[in-house]
Amino acid sequence: MASSTIAASSISFTSLTLNNKGLAKNSVSLSINGKSFPSLRLQAASRRFRVSCAAKPETVDKVCEIVRKQLAIQPDVAVTGDSKFAALGADSLDTVEIVMGLEEEFGISVEEESAQTIATVQDAADLIENLVEKKGSA
Amino acid sequence: MRMQCLDTKFFTSTSLVPMQLPSRMETHLWYVKPNEVKSEQLLNKYLEFLPKSEKEHVFSMRGDELRKGALLARALVRTTIARYQINQVSPRSLKFRKNIHGKPEVDWQQIEDWHPQQLHFNISHTESLVACGVTTHNPIGIDIEEKERKIKHSISSFAKRYFSQQEVQLLSSISDPEIQRQEFIKLWTLKEAYVKALGRGFSGSPFKTFTIRSAAASKESIHLSESSSFENSDIVVESLEDSTNHTGDWQFALLELAGSHYAAICSRKDCANIGSHPMKIGVWRTIPLVEDEYVSGTNSVIAVGGLM
């Protein structure tokens, strides 16, 4: 799900830990939210890098909140980035209501093609940040 | 309770009553009510019908009721299709695949001793009812919804976001909020059934690009008479995009099922159906492996629209 393209930009370290113990000089192993990725080569020329994937935790939290409300999820059931809408009991009517709720909350417009690809909370959060970014740079 | 007295020997796949395929002009609809299935033994028998991937999917559901619903949906599909096989086929042996747009279909070549059939099916489920529609030769889509279903957004804002302009106008012309809500739910199920029948996915036929209305209503008269908009009338779909969409090929039926749900059925008209006859529907309430009850013509099936 998270792509591991490395481009030059700044990076937030809150959700990443770098661990280059015992690895080749120019490679690091990235651990994002507890998942580790195979080691990647860093461009020697540039030490700055950005991993363009996971949405901000705040976005994920906001999506979780909207999903909880829409599906009337019991407090003891966990809703996280990995949670699949279908597994939480969302039917098609719930899903379009969730998309509508996200559009209203974030001031974005989600096309049907994109809406169809959202399966998890993380998917929704990533899509939102993508659209918000596009909107900002328009 | 009856269920507790039943022995395991009753729960075999040979206790599935074989069925003749519906004719080209007919649709068969089977439904299960989860609250009628209480036996753990029976649910375990259903579980045995599922391959590993489907079992995993059932167990990925968060909560007992959701797991039971997912299990019943798969059990209903498998047992229903198995009934129509010429040779006794175990529900376990059926294989499914998805078409390029993601619509599930039977993978006939994977079954031993296979007889390819022009059998089409589609399922829909809510918390309290799971249904499976079956046709031959012509694609089918079904959608069911609880009659009392309420949405979080206002009907007006939801319709403006997702429905066509004509549909928005029709809904906004209804002054009674309860009737408006009912008409909204009916319209939603009809639109879902159409998209599912087309099998192109939600984005292949965006809701805004077509209008479903009663044949009696016209573009000029958008106001409802006292009765509901779909009652006692044919239901038709119009494409707002290109006219090559063959919308005249599709027929609809809207039912009240088990007193609790609206069920919309959409199927492609059979090419032999020149006279545009209304859909013939046979409905069975079932507890697979235990009992089947033909309920057409009873209070469990009330025609709302698209049927005479």
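Analysis parameters
Residues numbered from 1 in each chain as written. Chains lettered and ligands numbered in written order. Predicted model: local features only at pLDDT ≥ 70, side-chain atom pairs only at ≥ 80, totals over all residues. Heavy atoms only, no water. Helix = DSSP H or I, 4+ residues; strand = E, 2+ residues; numbered from the N terminus. Buried < 20%, exposed > 50% of the residue type's maximum accessible area, 1.4 Å probe, protein only. Pairing = 2+ DSSP bridges. Axes fitted to C-alpha atoms, helices over the stretch in contact; angles between N-to-C directions. Contact = heavy atoms within 4.5 Å. pLDDT = per-residue confidence, 0-100.

J.: Is there a simple way to explain the environment of B:Glu192 in this structure?
T.: All names here are of chain B. Counting through the fold element by element, Glu 192 comes out in helix H7 (residues 177-198). Look at Glu 192 and you get buried, because its relative accessible area is 8%. Put simply, Glu 192 and Ser 205 are 13 residues apart on the chain and 10.0 Å apart in space, counted from C-alpha to C-alpha.

J.: Help me understand unusual backbone geometry, please; the structure alone is not making it clear to me.
T.: Generally, phi is negative for residues other than glycine and the peptide bonds are trans, each holding for most cases. Phi is positive for A:Ala72, which is not a glycine, with a value near 50 degrees. Inspection of the secondary structure assignment puts A:Ala72 in the loop between helix H1 (57-71) and helix H2 (92-106). Although it is not a glycine, B:Leu289 sits at a positive phi angle of roughly 80 degrees. Following the sequence through the fold, B:Leu289 ends up in the loop between strand E11 (280-287) and strand E12 (291-294). Look at B:Leu289 and you get buried, because its relative accessible area is 5%.

J.: I tried to follow the sheet that holds strand E13 (residues 301-305) of chain B on my own but got confused; where do I start?
T.: What holds strands together in a sheet is hydrogen bonding between their backbones, with the strands either parallel or antiparallel. All names here are of chain B. In spatial order, the strands read E6-E10-E9-E13; together these four strands make up an open sheet with antiparallel pairing. Lying at the two open borders of the sheet, with one neighbouring strand each, are strand E6 (140-146) and E13. Taken over all neighbouring pairs, the strand axes of this sheet differ in orientation by 25 degrees on average, direction set aside. With four bridges connecting them, strand E9 (residues 250-257) and E13 associate as antiparallel partners. Bridge assignment links Leu 255 to a residue of E13, and that residue is Ala 303. The sheet strands contacting H7 are E6, E9, strand E10 (261-268) and E13, and the helix crosses E6 at an angle near 155 degrees.

J.: Even after reading the chapter, I still don't get the confidence of the model for chain B, so can you show me in this structure?
T.: Low pLDDT marks stretches whose predicted atomic positions should not be read closely. All names here are of chain B. Confidence in the prediction of chain B, expressed as mean pLDDT, is 87, and 85% of residues score 70 or more. The element-level mean pLDDT for chain B is lowest in helix H1 (residues 2-5), coming to 47, with E6 highest at 97. Considering only residues more than four positions removed or in separate chains, one finds that residues 1-9, a stretch of pLDDT under 50, has twelve contacts.

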